[in-house]
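Chain by chain, the residues:
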Amino acid sequence: MKRLFLLCLTVLLVFSLNYTYEAKAADDVVGNYHERGLRYLISKGALTPDANGKYHPNETVTRGQFAAFISRVTNLPNAESTIDFTDVPTNHPYYQDIQNAAAAGIITGYEDGTFKPNNPITRQHMAVMLERAMKHLNIPTTTANDLPFKDKHLILEDYYSAVATGVEAGIIKGSTMPDGVYFYPEKNTPVSQASTFILRMMEIYGDPDAINVTPYVLYELKEIKNGKLVPSGVSSYEYDDVRKAVSKDTHVITKNDDEIVYMKGGSGFAVTKKYSVLQSETINDKISVAASTEMQYLDSDGTQARVSLAGQIGYIDIDTVQLIPFAFSNGRHYYENVDGEIRHVLIDHTTGKNVASYTFGKAPSEMKPGTKYYSWNGIEFYSGSQKFNYYNYYQFLPIHSKTQYTAEEIDRYIEYALKEREKVNGKYAGAPEKSKLLGLGEELIAIQEEYGVNAMILLALALHESDFGMSEYAQTYNNLFGLYVYDTDPLKVQFDSPEASIRELMNNFWWKNYIPANAPYAHGAVFGTKRIGFNVKYASDPYWGAKAAGHYYRADKYLGFKDAQNAYKVGLTNTEGLNIRTVPTTANNTPIYRYSRTNIPLIILSEDHGDWYEIIPDSKEHDRAYVNKQYVQILNTTK
């Protein structure tokens, strides 16, 4: 009896290890090349299963069936046609659909009064129905000048225009063969291919169901072994079923065979494949994220990855990121000390090769030459067991500071920078004569006095955003700061002069949405990172703040480090709901404002007020304010 029990247990274990979870039934549409089209027809009730749940996607589509597909996806109203097809009795399964399509002018039948609903439909007949359906839907139709098909001579003259219309609209694409592309006008088509024709038409029409339809996804549990993904035998069309089977740190879940959609937190990282949007829990807001951005991976539910972007914890669409286990990584973006300066090196995550780099300040004393350092947020750095924090002075200096440089010195640096840039040639040829930054020193100093912002920070931003005043937007529209040039819908707003774009930045961007405490995009009036400062909302590039700061650093370096030698003391708030007051006491003192967020950089003017710091507030109405010392961390900035 004991032996029998052990035998049964062994069989049970073997069965369990090789069992493929199938919580969502795998119908005969799953995995079909035309699955999206088939799923669309199914969702519209145009394609229905037989008694055994089969859709038969590879069977030849009939004339009646194709007419029914069009009738149902276009939601034709029930109607009685003036055409009485002799071979379509009222008990025909597609009788009403055929009547609806005939009433709409989509089908006409044959001269003998028949429709032949059970006959296979030829591809050129499908083209005619599709063209008429497009006209019924008021989809603009145009005819291609010529057809690309090798067998276009086989298309009947009466149908040539309809085929050309389908080609021009991108509905008909033909089959690629070794000697060219063919249409096969007299051939029949399986239900699967017919579904794709209809899907494409309805996508053009703008049907959201067509645009958003997705095929079933097969999730598989795999294990990382010797640098390879090894199948475990567990798979399902339900992510949660496979997730329950994860039992090892080396387990991952894939879809579409090898696309990783889950791995254990801490076992790898995420990289955006294209412009993406992070829904941040940290600030309860959407954050734009540029392509090739590295993020700390935390978890996944199969459709969204939970990540940390410079400390912004939130969710991002799994289809917009690549999850890379450290075991498969070809490398990460890294930092290094080069001649006493910190350089950020960006890599291609597919090849591991360096593709770009930029220097943005002096390297911290802890950073050893010849060693690669990594950071998830641009503040906390590590290499092996070595860890340290680094705050770049130019990156975390609040905009309320003032530069030591005169307008003449600023112009001198602009001229120098443009001559250096001209050496690169290409689009920078003639930069010392053509750049929109020339002679801006006086205006920048005037803006500093009028708006209370650092002229060198403004220059640094203009250098970065306008590509030294040589970008198309700068040259054509006098736009020095990429104003209204959004990632998804860039606008071409014309400014009367470069100076006008500076004032637009001040009035309708910085002092409206970015600088005032609790303004919509207020995260600190510094270049910053994707967690602190302008970078949070101003740019999708997570390294925008460091890159802009690099321009300030190089200008200060060229002009003798006057600003670094007369540096401001910078603090960082460490609590939410922090009151900023007009005098250093809580007695009979209404706050100027209250910070709703934490991690706000401040300029500390004086520590000589007992438990209070004297600061420059984020307010136009006050040039001095006070904050309790216990709620502010003094930053050891590197300059």
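These figures come from a predicted structure and were not determined experimentally. (Residues numbered from 1 in each chain as written. Predicted model: local features only at pLDDT ≥ 70, side-chain atom pairs only at ≥ 80, totals over all residues. Heavy atoms only, no water.)

Focus: the packing of aromatic side chains
And then number 1: In the structure shown here, the tally under the stated rule is 33 aromatic pairs.
And then number 2: Here Tyr-216 and Tyr-237 contribute two aromatic rings whose centre-to-centre distance is 6.3 Å and whose plane-to-plane angle is 50°, an arrangement assigned as tilted. Taken as a pair, Tyr-216 in the loop between helix H8 (208-212) and strand S3 (219-225) and Tyr-237 in the loop between strand S4 (228-236) and helix H9 (239-244) lie far apart in primary sequence, 21 residues in all.
And then number 3: Ring centres 5.8 Å apart and planes at 70° place the aromatic pair Tyr-394 and Tyr-553 in the edge-to-face group. Here Tyr-553 lies in helix H18 (residues 544-558) and Tyr-394 lies in helix H10 (residues 393-396), a separation of 159 residues in the sequence.
And then number 4: Since its relative accessible area comes to 0%, Tyr-394 is described here as buried.
And then number 5: What links up through ring pairs into an aromatic cluster is the set Tyr-335, Tyr-358, Phe-360, Tyr-373, Phe-381, Phe-388 and Tyr-390.
And then number 6: Positioned over the ring face of Tyr-184 is Lys-187, at 4.3 Å from the centre of the ring.
And then number 7: Residue placement shows Arg-421 over the ring face of Tyr-428; its charged tip is 5.0 Å from the ring centre. (Phe/Tyr/Trp six-rings, centres within 6.5 Å; stacked < 30°, edge-to-face > 60°. Helix = DSSP H or I, 4+ residues; strand = E, 2+ residues; numbered from the N terminus. Buried < 20%, exposed > 50% of the residue type's maximum accessible area, 1.4 Å probe, protein only. Lys NZ or Arg CZ within 6 Å of the ring centre and 35° of its normal.)

Observations regarding helix H13 (residues 441-451)
A turn of α-helix holds 3.6 residues, and therefore any two residues three or four places apart point the same way.
And then number 1: When we look at burial in H13, the residues that qualify are Gly-441, Glu-443, Leu-444, Ile-447, Gln-448 and Tyr-451. Relative to the axis of H13, the buried residues are bounded by an arc of 165° and lie together on one face.
And then number 2: Of the surrounding secondary structure, the elements contacted by the buried residues of H13 are helix H11 (407-422), helix H14 (455-465) and helix H16 (498-514).
And then number 3: Phi for Gly-452, located one or two positions after H13, is positive at around 70°. (Arc of directions from axis to C-beta. Contact = heavy atoms within 4.5 Å.)

Considerations on the environment of Ile-260
And then number 1: Inspection of the secondary structure puts Ile-260 in strand S6 (residues 259-263).
And then number 2: Overall, the relative accessible area of 9% leaves Ile-260 in the buried class.
And then number 3: As for Ile-260 and Leu-221, which are separated by 39 residues in sequence, their C-alpha atoms are 9.8 Å apart.
And then number 4: Setting aside its immediate chain neighbours within four residues, Ile-260 contacts Leu-229, Val-252, Ile-253, Thr-254, Leu-323 and Pro-325.

Re the packing of helix H2 (residues 35-43) against helix H7 (residues 191-205)
And then number 1: H7 packs onto H2 with a crossing angle of 75° between their chain directions and a minimal axis gap of 7 Å. By the criterion of interaxial angle, the relationship of H2 to H7 is roughly perpendicular. Along the contact surface, H2 presents Arg-36, Gly-37, Leu-38, Tyr-40 and Leu-41, while H7 presents Val-191, Ser-192, Ser-195, Thr-196, Ile-198, Leu-199, Met-202 and Glu-203.
And then number 2: When its residues are assigned to classes, the contact of H2 with H7 shows seven nonpolar, four polar and two charged. (Axes fitted to C-alpha atoms, helices over the stretch in contact; angles between N-to-C directions. Parallel < 35°, antiparallel > 145°, perpendicular 65-115°, else oblique. Nonpolar A, V, L, I, M, F, W, Y, C, P; charged D, E, K, R; others polar.)

That's the geometry; what it means functionally is another story.
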